[in-house]
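The chain contents come next:
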Amino acid sequence: MEAPLSTWPWDNLGSFKYLLYGPLLAKWLYSRYQEDNIKETWCLHILIICLLRCSMHHTWNTFSGMLFLTRNRQINKEGVGFKQIDNEWDWDNFILLHGIMGSLVFYMLKDLINLPLWDFKGLMAVAILHIAISEPLYYFLHKKFHGSYLFNHYHSLHHSSPVLQPFTAGHATLLEHIILAAVMGIPILGTCLLGYGSITMIYGYILIFDCLRCLGHSNFEIIPHQLFQAFPTLKYLLYTPTYHSLHHTEMETNYCLFMPLFDVLGNTLNPKSWEMHTKLSVESGKNGRVPDFVFLAHVVDLTSAMHVPFLFRSFGSKPFSTRLFLLPLLPITFVVMLVMWAYSKVFLNSFYNLRGRLHQTWVVPRFGFQYFLPFAAEGINNQIEQAILRADRLGVKVISLAALNKNEALNGGGTLFVNKHPNLKVRVVHGNTLTAAVILKEIPEDVTEAFLSGATSKLGRVIALYLCRRQVRVLMLTSSTERFQKIQKEAPAEYQKYLVQVTKYEAARNCKTWIVGKWITPREQSYAPKGTHFHQFVVPPILSFRRDCTYGDLAAMRLPEDVQGLGSCEYTMERGVVHACHAGGVVHSLEGWTHHEVGAIDVDRIDLVWEAAMKHGLKPVSSLKKTD
């Protein structure tokens with residue numbers, strides 16, 4: 001049985017809980033447009049404060065998640081996984097609760113509505129009341145919540161988050177946030193009752209309170225140790241992220257709200273607090289742990305740029321899809337794109353751990369369309385080259401190139417860099433061998449004929465050569481007889497007859513296995529017979545136009561179940577699923593292979609790479625889906 005006030009009354013409402021803000025908005029609008037006065041502006045102020053509080057937590061979470069800025073300052077080096085993200089999904093419940101409670105207070109105390117904009121005495125009064133009442137009250141109650149009953153039934157929820165994040169500050173039970181509202185409200189209400197209340201005081205106190213809460217839960221040390229060396233007494237007046245993280249790892253210490261002074265007075269100060277803070281601060285300028293494997297990705301388009309995990313954590317933890325709330329942000333994203341184009345370098349985006357190995361995703365700050373601009377090619381290659389050289393200096397074992405970063409026309413599938421730097425220790429991998437394997441293993445054994453578009457591309461070539469060895473008749477769509485014959489001659493003499501050149505889609509009218517490596521229009525799809533399955537390795541994926549056919553997703557694999565700290569989805573992939581080229585680099589790293597995998601794909605290695613992936617627990621993702 002659940003303890004009283006341990007759950008939220010709107011738990012079952014989902015996103016509809018935000019409709020509870022509606023009465024405040026309606027009250028303000030009615031007062032403004034019907035009563036022709038602004039008597040009820042307190043409703044608007046509460047809505048604005050709620051919005052600012054959400055923005056405060058999101059800003060801190062974004063800053064905390066910018067690993068290219070905070071990675072070497074992190075306190076807990078583990079990643080934030082999907083489980084924690086889901087548990088903290090409704091972190092903002094407390095803002096709604098406090099808005100409702102604030103509304104009730106203002107409604108009952110109408111004399112406090114007409115507050116001045118500014119009163120310096122009020123700022124002094126709220127600070128004194130906070131130190132004299134809120135700090136000791138919170139310390140006392142917090143310590144009580146670590147007692148057996150209250151901790152097991154209430155406070156354990158807050159401590160269930162393994163990695164502190166700004167959103168973790170709001171992850172607690174209803175009872176705890178009612179108490180937190182009282183802790184916050186006493187200085188505000190007391191100041192108003194003393195006659196020193198002001199709008200500036202209310203806004204300032206609430207936002208500073210939230211800012212300090214986010215600071216303590218940010219999981220990276222931002223306060224320099226030199227500050228405490230210059231002003232020793234300050235360390236008793238302001239806690240640090242390190243200080244509060246010790247409370248979560250060694251729970252019988254560091255109970256204070258914001259001021260360690262009360263832990264000193266209560267004899268609950270963790271003796272390691274400032275020593276650990278100094279150590280983290282001093283070492284923040286040093287390089288952290290070197291990754292074993294790096295996946296070098298790039299941005300796809302303007303909307304997917306907002307899928308990065310540090311921008312909207314909940315959005316990034318689900319497969320990408322265009323959402324309406326993103327559209328107003330497109331102009332800002334466009335400006336950011338231009339700035340990135342002019343100034344940005346490859347940056348760290350996310351990481352996870354697999355069997356004691358650190359895997360990171362770095363991003364080339366270029367968007368998909370830029371890869372097709374002739375004048376941008378040199379700059380993109382420079383970005384990729386610098387990332388490879390940086391990985392080599394750090395001691396990274398394998399770096400895998402994503403999608404357009406290994407474009408054949410751009411850099412020969414990575415051969416440009418390997419040839420230019422023959423002494424590289426880091427292994428450069430395009431991952432296309434496993435991509436081809438995933439596509440080929442999806443084709444049923446009883447298939448005797450397949451239609452292949454993009455037939456003379458890197459992947460098309462190896463797919464055709466592999467299938468012909470299986471005695472599958474491959475209809476290779478290409479207008480270049482020269483390129484077709486070149487591929488045909490690569491096949492063993494006894495299998496060359498299975499490769500057939502075709503120049504029109506009509507040639508596949510009776511073929512139910514289509515392998516698509518080049519964008520095809522709905523009209524071109526219409527030539528496929530009923531029941532056709534479209535396998536594909538074309539970016540972007542083709543439109544699911546035919547209701548009587550099935551369509552495959554891009555080649556992908558699910559990471560092993562023992563992956564740790566994975567909390568973001570790779571573009572449109574499901575949770576825990578990565579593109580096959582990413583998985584190919586993972587296999588290369590786990591196997592400890594010492595060769596580069598660049599340029600043309602070796603058909604003889606397809607089964608070897610596939611078996612290695614299976615051995616290490618990577619699983620193919622079923623790509624069958626039928627249009628509705």
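The rules we used
Residues numbered from 1 in each chain as written. Predicted model: local features only at pLDDT ≥ 70, side-chain atom pairs only at ≥ 80, totals over all residues. Heavy atoms only, no water. Buried < 20%, exposed > 50% of the residue type's maximum accessible area, 1.4 Å probe, protein only. Helix = DSSP H or I, 4+ residues; strand = E, 2+ residues; numbered from the N terminus. Pairing = 2+ DSSP bridges. Phe/Tyr/Trp six-rings, centres within 6.5 Å; stacked < 30°, edge-to-face > 60°. Lys NZ or Arg CZ within 6 Å of the ring centre and 35° of its normal. Salt bridge = Lys/Arg side-chain N within 4 Å of Asp/Glu carboxyl O. Domains from an automatic or database assignment. Contact = heavy atoms within 4.5 Å. Buried area = accessible area lost by both parts, 1.4 Å probe. UniProt positions renumbered as here; feature names shortened; annotations may be inferred. 1 Å grid on protein atoms, 1.4 Å probe; cavity = no way out; pocket = protein on both sides within 12 Å on 5 of 7 lines; lining within 4 Å. Points joined across faces, edges and corners; volume = space filled by probe spheres on them. Core = buried A, V, L, I, M, F, W, Y, C linked by side-chain atoms within 4.5 Å.

### Notes on the pairing of strand β3 (residues 357-364)
Taken across its eight residues, β3 has seven buried, putting it largely inside the fold. With six bridges joining them, strand β1 (residues 293-298) and β3 adopt parallel strand pairing. Across the sheet, leucine 296 pairs through a bridge with tryptophan 362, a residue of β3. Hairpin remark: strand β2 (residues 347-354) followed by β3, antiparallel, with two residues in the connecting loop; positive phi at arginine 355, about 55°.

### Re the packing of aromatic side chains
For the coordinates displayed, the defined rule picks out 26 aromatic pairs. Taken together, a centroid distance of 5.9 Å and an interplanar angle of 50° make the contact between tyrosine 205 and phenylalanine 209 tilted. Note that tyrosine 205 and phenylalanine 209 are positioned in helix α9 (residues 199-216) at a spacing of four residues, about one turn of the helix. Using a relative accessible area of 11% as the deciding quantity, one classes tyrosine 205 as buried. Every member of this aromatic cluster is reached through a ring pair, and the members are Phe312, Phe315, Phe320, Phe325 and Tyr571. Across from the ring centre of phenylalanine 351, 4.1 Å away, lies the NZ or CZ of arginine 71, which sits over that ring. Between arginine 390 and the ring centre of tryptophan 362, over which it is positioned, the NZ or CZ distance is 4.5 Å.

### Things to note about the pattern of salt bridges
Under the counting rule described, the total for this entry stands at 18 salt bridges. Across the salt bridge formed by lysine 272 and glutamate 250, the nearest N and O atoms sit 2.5 Å from each other. Of this pair, lysine 272 sits in the loop between α12 (261-265) and α13 (273-283) while glutamate 250 sits in the loop between α11 (241-249) and α12, and the two are 22 residues apart along the sequence. With a relative accessible area of 31%, glutamate 250 lands in the partly exposed category. Of the charged contacts in the structure, one is a salt bridge between glutamate 385 and lysine 420, with a shortest N-O distance of 3.1 Å. Of this pair, glutamate 385 sits in helix α16 (residues 377-394) while lysine 420 sits in helix α18 (residues 415-420), placing them 35 residues apart in sequence. What you see here is one network of salt bridges that share partners, running through Lys17, Asp90 and Asp92.

### Observations regarding the domain arrangement of the protein chain
Structurally, the protein chain comprises domain 1 (11-284), domain 2 (289-429 + 573-627) and domain 3 (443-552). If you average the C-alpha positions of domain 1 and of domain 2, the two centres end up 38 Å apart. Listed as interface residues are 19 residues of domain 1 and, on the opposing side, 16 residues of domain 2. Taking both partners together, domain 1 and domain 2 bury about 1,600 Å²; carbon and sulfur atoms supply 62% of that area. Taken together, domain 1 and domain 2 are joined by two salt bridges.

### Things to note about the UniProt feature "domain: Fatty acid hydroxylase" (unreviewed entry) in the protein chain
On the UniProt side, "domain: Fatty acid hydroxylase" (unreviewed entry) is annotated at positions that read residues 128-268 here. The span residues 128-268 shows a helical share of 59% and a strand share of 0%, and its end C-alpha atoms are spaced 23 Å apart.

### A word on empty space enclosed by the protein
Counted by the stated rule, this structure contains four cavities of 30 Å³ or more. When its volume is computed, the largest cavity comes out at roughly 330 Å³. As for the largest cavity, its lining consists of 25 residues, of which Gly65, Leu67, Val80, Gln165 and Pro309 are closest to the centre. Of all the secondary-structure elements, those providing two or more residues to the lining of the largest cavity are α2 (41-65), α3 (67-70) and β2. Both of domain 1 (11-284) and domain 2 (289-429 + 573-627) provide at least three residues apiece to the lining of the largest cavity.

### Here we look at the pairing of β2
In regular strands, side chains alternate between the two faces of the sheet. In terms of residue burial, β2 counts as a mostly covered element, since eight of its eight residues are buried. Note: β2 against β3, seven bridges, orientation antiparallel. The residue of β3 that forms the bridge with tyrosine 352 is histidine 359.

### Digging into the nonpolar core
Among the nonpolar cores identified, the biggest contains 59 residues, and Leu434, Ile463, Leu467, Leu499 and Ile515 are the most heavily contacted of them. Sorting elements by how many residues they give to this core places helix α20 (residues 458-469) first, with eight residues. Two domains each put at least three residues into this core: domain 2 (289-429 + 573-627) and domain 3 (443-552). Ignoring sequence-local partners within four residues, the contact set of leucine 499 consists of Ala464, Leu465, Cys468, Val474, Met476, Phe484, Ile487, Gln488 and Ala491. Met184, Tyr203, Cys214 and Ile223 belong to the second-largest nonpolar core, a separate cluster that totals 30 residues.

### Considering unusual backbone geometry
Positive phi, close to 60°, is recorded for leucine 5, a residue that is not glycine. Locating leucine 5 in the fold gives a position in the segment before α1 (22-33). Judged by relative accessible area, leucine 5 falls into the partly exposed class, the value being 43%. Its identity as a non-glycine residue notwithstanding, tyrosine 571 has a phi of 55°, on the positive side. Of note, tyrosine 571 is situated in the loop between β12 (556-558) and β13 (577-579).

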